[in-house]
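Letter by letter, the chains look like this.
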Amino acid sequence: MTGRFAPSPTGPLHLGNLRTALLAWLLARANGEPFLVRMEDLDRVTSSVEHERRQLADLAAIGLDWDGPVVRQSERFDRYHAAIDALTEQGLTYECYCTRREIREAARAPHGPDLTYPGTCRDLTAAQRAARRRERPAALRLRAPAEPITVEDGLAGSYTAVPDDVVLRRNDGVPAYNLAVVVDDAAQGVTTVVRGDDLLGSTPRQILLQRLLGLPTPTYVHVPLVVGTDGERLAKRHGAVTLEDLAGVPVERIVGALAASLGLVPEGTAVTAGELLDDFDLARVAARGRSPVPLADLQRSWA
Ligand code: GLU
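Residues numbered from 1 in each chain as written. Predicted model: local features only at pLDDT ≥ 70, side-chain atom pairs only at ≥ 80, totals over all residues. Heavy atoms only, no water.

The ligand sits among R4, A6, P7, S8, E40, Y177, V181, R195 and L199. For the ligand, a nitrogen atom lies 2.8 Å from a polar atom in the backbone of A6. With respect to the ligand, the side chain of R195 contributes an N or O atom lying 2.8 Å from an oxygen atom. Coverage of the ligand by the protein amounts to 77% of the 300 Å² it exposes when considered alone. Taken together, the residues that form the shell around the ligand break down as 5 nonpolar, 1 polar and 3 charged. (Near = heavy atom within 4 Å. Polar contact = N/O pair within 3.5 Å; in protein donor to acceptor, adjacent residues only side chain to side chain. Areas by Shrake-Rupley, 256 points an atom, 1.4 Å probe, with all protein chains shown as cover. Nonpolar A, V, L, I, M, F, W, Y, C, P; charged D, E, K, R; others polar.)

This is how it looks when you write it as structure tokens:
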């Protein structure tokens, strides 16, 4: 078995990211298994090596280690394009010219950021395509069969959705996240994916891509997010959410707060990541339930 943590180097890791990373590391290392770090820097505009450097330093600072060199998605575009070509050869892709706004307006049941594509460009005629192509560059989408896919998640339980026609290549030519993550997890031999709850909704799409590409499906563990007082997922504006913000707080208190919020130790415990390995049990994390973690619950530990 192999675990991983796959941050996007678009800013500093916050306590929610660190909490997910800690759990991913514990799950792998408690069983003596490999643990990988992959930088999801597909978007060269928002990613930077400086963020990457800091993220790795922060992971090390809370006591996490990883095997082998850190893989960067920006260096693996050839693999993603090959996978997209394989799907195209099976007749499973089509060009899409929609803007986000057009999709939002056309979607019958728009819900949240996880917008379901209504299939606008799916069955255009050749003439319609030629006309649309003159207006703007095309993205490439998967022609998904309308079949439900169920994820049996280690924390979230059973989740079923019908995957929509997910974007495989953005209209700037950059491979899309859902495609890249599937290609990489398989290429790196990842068997256990631990990540934020916000990606549970995309997991059926990823499982569909795995099946169409003949790749294995890993075990999924989606971790509840840390949220601010406004109930929104953690962000810079919530204040005191990165290790840099918390300079002066002993790292054992921070790790202890993360571990307490995972149900692994009593609140107020100071502990190292290594010490948590001894009696780690995912069942204790599951027993804590699926509700988001208020930032204030973490902050109490060093207030
Ligand atoms: N790079 C994604 C993020 O930082 C995580 C993707 C994944 O773990 O599959 O939100």
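Extensive coverage of strand β10 (residues 219-223) is indicated by the burial of 4 of its 5 residues. Of the strand pairs in this sheet, strand β9 (residues 192-196) and β10 are connected by 5 bridges, and their pairing is parallel. Bridge pairing in β10 links T192 to T219. What joins β9 to β10 is helix α7 (residues 203-213), and the crossover it makes is right-handed. (Buried < 20%, exposed > 50% of the residue type's maximum accessible area, 1.4 Å probe, protein only. Helix = DSSP H or I, 4+ residues; strand = E, 2+ residues; numbered from the N terminus. Pairing = 2+ DSSP bridges. Right-handed = clockwise from strand over helix to strand, strands pointing away.)

A separate point is the nonpolar core. Burial of nonpolar side chains together is a common tendency in soluble globular proteins. Formed by 48 residues in total, the largest nonpolar core has its most connected members in L15, L22, L23 and L59. Of all the elements in the fold, those that place two or more residues in this core are α1 (15-29), β2 (35-39), α2 (49-61), β10, α8 (251-261), α9 (273-276), α10 (282-287) and α11 (295-299). Beyond its immediate chain neighbours, meaning those up to four positions away, L15 contacts L234, A240, V241, L246, I254, L258, L295, L298 and W302. The next biggest cluster of nonpolar side chains, apart from the first, holds 26 residues, and it includes L87, A144, V174 and V181. (Core = buried A, V, L, I, M, F, W, Y, C linked by side-chain atoms within 4.5 Å. Contact = heavy atoms within 4.5 Å.)

So, on to the domain arrangement of the chain. Under the domain assignment, the chain is made up of domain 1 (3-75 + 224-299) and domain 2 (77-180). For domain 1 and domain 2, the distance between their C-alpha centres works out to 30 Å. Every contact between the two is made by 12 residues of domain 1 and, on the other side, 12 residues of domain 2. At the boundary of domain 1 with domain 2, total buried surface from both sides reaches about 930 Å², with 61% on carbon and sulfur atoms. (Domains from an automatic or database assignment. Buried area = accessible area lost by both parts, 1.4 Å probe.)

Attention now goes to the packing of aromatic side chains. If you walk through the whole model with that rule in mind, you get 1 aromatic pair. Considering the side-chain rings of F77 and Y80, the 6.2 Å spacing of their centres and the 55° angle between planes classify their relative orientation as tilted. Here the residue F77 and the residue Y80 both occupy positions in helix α3 (residues 77-89), the gap between them amounting to 3 residues, near one helical turn. Under the relative-accessibility criterion, F77 is labelled partly exposed at 22%. Of note, R141 hangs over the ring of Y117, and the distance from its end group to the ring centre comes to 3.5 Å. (Phe/Tyr/Trp six-rings, centres within 6.5 Å; stacked < 30°, edge-to-face > 60°. Lys NZ or Arg CZ within 6 Å of the ring centre and 35° of its normal.)

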